[in-house]
Amino acid sequence: MNNRRGFTLIEAIVVTVMVAALAVVLVTRLTGASTRTFDLASEQLGDLVLMYAIRSEFAEEPIGIMVDTERNSVLLMIRRGDRDDGNGGWVRDPSVREVVLPNTIPVTDMEFRADGDWVDPTERPLSSLPGQPRPHIDIMMVSNDPRLERSRRLILMPTAWRPLVRDSLLSEDAAPSRRQVDLDMTGRWQEDW
């Protein structure tokens with residue numbers, strides 16, 4: 001009698017299906033972690049931009065957004081003290097937490113625009129003066145993670161408090177559009193608000 005036993009075809013198929021299922025779970029977990037990291041960094045940056053909007057309205061000092069390339073972070077700055085020192089009087093706002101971005105979102109790849117013009121906030125903050133109109137700010141974040149090709153724009157209108165978020169995963173049609181409506185011309189001036 002032959003006591004040698006091998007794998008049957010059914011056993012080999014079952015093992016292959018189990019390995020494939022585990023691989024799918026592992027890939028999903030890894031991709032989900034990258035997505036959560038990107039979303040968290042975007043939310044933190046959105047909160048910093050919100051604080052910039054609030055401070056630019058109510059602070060008595062100039063306020064600005066600055067980038068620290070060594071720490072891969074974004075900071076909220078206030079101009080205080082002597083403007084002749086090395087940093088122009090800009091100090092970190094102690095009441096707003098620094099946003100340290102993950103290595104997959106380098107601040108050197110981020111794009112900052114004020115009123116449509118490119119701004120480099122590494123040497124000098126993207127700022128607004130008290131009592132002056134705030135610029136239209138557009139910040140683009142890009143992930144360089146090969147598992148997550150994604151970008152997100154944070155747009156702060158001059159009169160808005162919270163930034164609008166435009167994600168590369170969402171189509172432009174998915175975002176609600178706003179348009180100005182003349183209530184007198186449309187006959188809606190008597191409607192309750």
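The rules behind these values
Residues numbered from 1 in each chain as written. Predicted model: local features only at pLDDT ≥ 70, side-chain atom pairs only at ≥ 80, totals over all residues. Heavy atoms only, no water. Helix = DSSP H or I, 4+ residues; strand = E, 2+ residues; numbered from the N terminus. Buried < 20%, exposed > 50% of the residue type's maximum accessible area, 1.4 Å probe, protein only. Contact = heavy atoms within 4.5 Å. Areas by Shrake-Rupley, 256 points an atom, 1.4 Å probe, with all protein chains shown as cover. Salt bridge = Lys/Arg side-chain N within 4 Å of Asp/Glu carboxyl O. Core = buried A, V, L, I, M, F, W, Y, C linked by side-chain atoms within 4.5 Å. Patch = residues over 30% accessible without salt bridge, like charges linked within 9 Å, V, L, I, M, F, W, Y side chains within 5 Å.

Let us now look at the overall build of the protein chain. Helix and strand counts for the protein chain stand at two helices and 10 strands. When burial is assessed residue by residue, the protein chain has 33% of its 193 residues classed as buried. When contacts within the protein chain are restricted to residue pairs at least 6 apart in sequence, those whose partners lie at least 24 apart make up 54%. Entry remark: accessible area of the protein chain is about 13500 Å², with carbon and sulfur atoms responsible for 54%.

The topology assignment puts proline 130 in the loop between strand S7 (126-128) and strand S8 (137-142). For the pair formed by proline 130 and phenylalanine 58, sequence separation is 72 residues and the distance between their alpha carbons is 7.5 Å. Filtering out sequence-adjacent residues up to four positions away, proline 130 remains in contact with Ser56, Ala59, Glu60, Glu61 and Pro62.

Attention now moves to the pattern of salt bridges. As enumerated under the stated definition, the model contains 10 salt bridges in all. Residue arginine 150 pairs with aspartate 39 through a salt bridge whose shortest N-O separation is 3.1 Å. With a gap of 111 residues between them, arginine 150 in the loop between S8 and strand S9 (151-156) and aspartate 39 in helix H1 (residues 9-58) connect regions that are remote in the sequence. Given the relative accessible area of 8%, arginine 150 is considered buried.

A word on the nonpolar core. The nonpolar side chains of soluble globular proteins are, as a tendency, buried together. Counting 28 residues, the largest nonpolar core has Tyr52, Ile65, Val74, Leu101, Met110 and Ile139 as its most contacted members. Elements that contribute at least two residues to this core include exactly H1, strand S1 (63-68), strand S2 (73-79), strand S5 (111-114), S8 and S9. Looking at which element gives the most residues to this core, the answer is H1, with seven residues. Leave out the neighbours within four places in its chain, and methionine 110 touches Leu45, Leu101, Ile139, Met140 and Met141.

Our focus in this paragraph is a nonpolar patch on the surface. A cluster of nonpolar residues, Leu9, Ile13 and Val17, forms a patch on the protein surface that exposes about 320 Å² of accessible area. If you trace the backbone, valine 17 turns up in helix H1.

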